[in-house]
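# Close look at the chain arrangement
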Amino acid sequence: GYRIVWSGQFENQQRAVARLKVILPVTVLMIFMVLYAAFNSVEDALIILLCVPFGAVGGVLALELTGQTLSVSAIIGFIALFGFSVLIGMLLVSAFNHKRRRAFNLREAVVAGARQQLRPVLMTASLAMLGLLPAAVSTEPGSEVQKPLAIVIIGGLCTATVLTLIAMPLIYELVKRPRRTQSR
């Protein structure tokens, strides 16, 4: 008639992780819908969503390098990081589309748009990282909640910024390149 029941903080974390397993895909779907509404293009929305894994890589690496575990706070940090990653992608895709509407060819639009948005992208990421730095290095009581969130966002923004600035122009150009029809 005996049984083992895990309760307390462990039980609360398990319930929160179960909720987040539902919330995370719903969040990504909602982001996609907002992007589609803003850009009126499935291609543009998907290109921008490709920035999300760029940030996730850095968030996971940052947790590993600092010895932090994947906690509810860290998962919430990933959700915030997805927002930052999407913002960086939106800045670039908006600039590329704007340049193409102004009669730039595809390559010129991508180069000019990336050059134009370099400073805003770097400033956006830098400000967020600098703002979270005190939380990431804090050892005060209560920091165990805020520290994983800050570490995920800082690490994710490092990789999201670099990878987005390098890969996004290439991906955009590949996706938007006119298709050649093969005739036999």
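Below, the structure is looked at part by part. Source: prediction; values computed, not measured.

Definitions and cut-offs
Residues numbered from 1 in each chain as written. Predicted model: local features only at pLDDT ≥ 70, side-chain atom pairs only at ≥ 80, totals over all residues. Heavy atoms only, no water. Helix = DSSP H or I, 4+ residues; strand = E, 2+ residues; numbered from the N terminus. Buried < 20%, exposed > 50% of the residue type's maximum accessible area, 1.4 Å probe, protein only. Contact = heavy atoms within 4.5 Å. Core = buried A, V, L, I, M, F, W, Y, C linked by side-chain atoms within 4.5 Å. Axes fitted to C-alpha atoms, helices over the stretch in contact; angles between N-to-C directions. Parallel < 35°, antiparallel > 145°, perpendicular 65-115°, else oblique. Nonpolar A, V, L, I, M, F, W, Y, C, P; charged D, E, K, R; others polar.

Another aspect to go through is the overall build of the protein chain. Helix and strand counts for the protein chain stand at six helices and zero strands. Listing every helix and strand of the protein chain by position from the N terminus yields α-α-α-α-α-α. By principal-axis analysis of the C-alpha atoms, the protein chain measures approximately 75 × 40 × 30 Å. Across the 184 residues that make up the protein chain, the buried fraction comes to 40%. Taking all contacts inside the protein chain whose residues are at least 6 apart in sequence as the whole, residues at least 24 apart take part in 74%.

This part is about the nonpolar core. Counting 41 residues, the largest nonpolar core has Leu35, Val86, Val93, Phe96, Leu157, Met168 and Tyr172 as the members making the most contacts within it. Contributions of two or more residues to this core are made by helix 1 (9-39), helix 2 (42-49), helix 3 (51-66), helix 4 (72-101), helix 5 (106-137) and helix 6 (143-176). Those residues in contact with Phe96 that lie beyond four places of it in its chain are Ala109, Val110, Gly113, Ala114, Met168, Pro169 and Tyr172.

It is worth spelling out the packing of helix 1 against helix 4 at this point. Angle between the axes and distance between the axes: these two values describe a pair of packed helices. Put simply, helix 1 and helix 4 touch, their axes get as near as 10 Å, and they point 10° apart. One element, helix 1, and the other, helix 4, form an angle in the roughly parallel class. Contacts from Gln13, Ala16, Val17, Leu20, Leu24, Thr27, Val28, Ile31, Leu35 and Phe39 of helix 1 reach helix 4 at Val72, Ile75, Ile79, Phe82, Val86, Met90, Val93, Ser94 and Asn97. Within the contact of helix 1 with helix 4, the residues separate by chemical class into 15 nonpolar, four polar and no charged.

Turning our eyes to something else, we now look at unusual backbone geometry. A positive phi is found at Asn40, a non-glycine position, where the angle reads about 55°. If you trace the backbone, Asn40 turns up in the loop between helix 1 and helix 2. Among the residues examined, Asn40 registers a relative accessible area of 61% and is labelled exposed. Phi at Ala103 takes a positive value of approximately 75°, unusual for a residue other than glycine. In this structure, Ala103 sits in the loop between helix 4 and helix 5. Overall, the relative accessible area of 70% leaves Ala103 in the exposed class.

What follows is about the environment of Leu92. Here Leu92 lies in helix 4. On the accessibility criterion, Leu92 (0% relative accessible area) is buried. Spatially, the C-alpha atoms of Leu92 and Arg15 are 38 Å apart, while their sequence positions differ by 77 residues. Ignoring sequence-local partners within four residues, the contact set of Leu92 consists of Gly113, Ala114, Gln117, Val121, Thr164, Leu165 and Met168.

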